[in-house]
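A closer look at the structure
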Amino acid sequence: MISKLVIGTRGSKLALYQANLVKSKLETAYPNLELVINIIKTKGDKLLDVALSKILDKGFFTKEIQDALYNKEVDIAVHSLKDLPTELPKGSQIGAILERVNHRDVLVSVGGKKLADFTAEDRIATSSLRRKSQLLQMNKQVQVVEIRGNVDTRIRKMHDGHCEGMIMAAAGIERLGLQEHITEYLNETQMLTAPGQGAIAIEIREGDNDILEVLSVLNHKQSEICVTAERSFLNRLEGGCQIPFAAHATLDGDTLTVEGLVATLDGRKIQRETITGKSKDAIQLGIDLANSIQDNGGYEILEEVKRELNN
């Protein structure tokens, strides 16, 4: 039996909340297991003045933690799943997916202003091209501006005058107990979310079967099936921060429904489709959905986005 585990994590309030959540759940399941948290600074924590849409490094928020894992400085790495590249570096695997919490996006605004009330004079901040394109589809008048930083940093920037509103992940705000800042929850029709949004992943080294067994008590099978389909969709499209894409899966008994989209940067063109099948076919359903979207206009959309970003 393993006697000690070192947990690798970023140092933001949200990342530490997630690492401590994993630590607490493991302490409950294994009272005699010693657990230590090791804070690691990633490139994403250091380069705060670079727009995410300009970043080609798929491990922008994870690489340094993964390096510590491979070098055996930590035993497990805790990530927000949406930050974790779909193709993990050789020698690692996902050891557990915690039960996903609220996957939706929310509007945070000054004075409680609703999205429908925003005008051409108002600025909405987001670092996500996915959110930007869907925002512009809903309301072409609004100005979309870039913002970076941790959850609390972005909220402070908004109140300091950077913008009149922001689109953020509900999960991060709720985990930090900052729900009072939420003006409006956006449904899937308004804002389809990022693959894996709301889920926490634990990465381990391949072959660490004792650790895998320890983590099995944390793995939530339904969440795992859903995010597997979403990440399969993303992987087939070779998506990253530079592409406006979205995917969300739901499970009803053994029936898995996956919805996905790709969009132009201005939201003018969006190809959105849904596929349904058996939960055991989660990976193939994600691939089939991506192929269908590409065949029905998505390929042209993606090529247009790439040309715009390269200009």
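These remarks concern the structure in this document. All of these numbers come straight from a predicted model, not from anything done at the bench.

The next subject is the layout of surface pockets. Its boundaries defined by the atoms lining it, the second largest pocket holds a volume of some 450 Å³. Around the second largest pocket, the lining is made up of 18 residues, and of these Ile94, Glu224, Thr228, Arg231 and Ile283 lie nearest the centre. If you list the elements that add at least two residues to the lining of the second largest pocket, you get strand 4 (92–97) and helix 8 (221–237). For the lining of the second largest pocket, the element with the most residues is helix 8, which contributes eight residues.

What the three strands build is an open sheet, ordered 11-12-13; its pairing is antiparallel. Looking at which strands have only one partner, the edges of the open sheet turn out to be strand 11 (245–252) and strand 13 (270–278). Each strand axis lies, on average, 15° off the axis of its neighbour in the sheet, ignoring direction. Of the pairings in the sheet, the one linking strand 11 to strand 12 (residues 255–263) comprises eight bridges and is antiparallel in character. The partner of leucine 251 across the bridge, within strand 12, is leucine 256. The sheet strands contacting helix 8 are strand 11 and strand 12, and the helix crosses strand 11 at an angle near 150°. The strands touched by helix 9 (residues 282–310) are strand 12 and strand 13; relative to strand 13, the strand with the most contacts, the crossing angle is about 170°.

What follows deals with the packing of helix 8 against helix 9. Two elements in contact, helix 8 and helix 9, have axes whose closest approach is 8 Å; the angle formed by their N-to-C orientations is 35°. Note on packing geometry: the crossing formed by helix 8 with helix 9 is right-handed. Where helix 8 approaches helix 9, its residues Ile225, Thr228, Ala229, Ser232, Phe233, Arg236 and Leu237 are matched on the opposing element by Ala282, Ile283, Gly286, Ile287, Leu289, Ala290, Asn291, Ile293, Gln294 and Leu302. Looking at side-chain class alone, the contact of helix 8 with helix 9 contains 11 nonpolar, five polar and one charged residues.

Counting residues in hydrophobic clusters, the biggest one holds 24 residues, and the most contacted among them are Phe233, Leu256, Val258 and Val262. Elements that contribute at least two residues to this core include exactly helix 8, strand 11, strand 12 and helix 9. Tallying contributions element by element places helix 9 first for this core, with eight residues. Ignoring any residue separated from it by four or fewer positions in sequence, one finds valine 258 in contact with Ala229, His248, Ala249, Glu273, Thr274, Ile275, Leu285 and Leu289. Counting 20 residues, the second largest nonpolar core, distinct from the first, contains Ala19, Ile76, Ile202 and Val214.

This next bit is on the sheet that holds strand 7 (residues 143–145). With respect to topology, five strands assemble into an open sheet ordered 7-6-8-5-9, the strand pairing being mixed. Each of the sheet's edge strands pairs with one partner strand only, and the pair in question is strand 7 and strand 9 (182–185). Each neighbouring strand pair of the sheet contributes to a mean axis angle of 30°, computed without reference to strand direction. Pairing analysis gives three bridges linking strand 5 (residues 105–109) to strand 9, with the strands arranged antiparallel.

The rules behind these values
Residues numbered from 1 in each chain as written. Predicted model: local features only at pLDDT ≥ 70, side-chain atom pairs only at ≥ 80, totals over all residues. Heavy atoms only, no water. 1 Å grid on protein atoms, 1.4 Å probe; cavity = no way out; pocket = protein on both sides within 12 Å on 5 of 7 lines; lining within 4 Å. Points joined across faces, edges and corners; volume = space filled by probe spheres on them. Helix = DSSP H or I, 4+ residues; strand = E, 2+ residues; numbered from the N terminus. Pairing = 2+ DSSP bridges. Axes fitted to C-alpha atoms, helices over the stretch in contact; angles between N-to-C directions. Contact = heavy atoms within 4.5 Å. Left-handed = near helix turned anticlockwise from the far one by under 90°. Nonpolar A, V, L, I, M, F, W, Y, C, P; charged D, E, K, R; others polar. Core = buried A, V, L, I, M, F, W, Y, C linked by side-chain atoms within 4.5 Å. Buried < 20%, exposed > 50% of the residue type's maximum accessible area, 1.4 Å probe, protein only.

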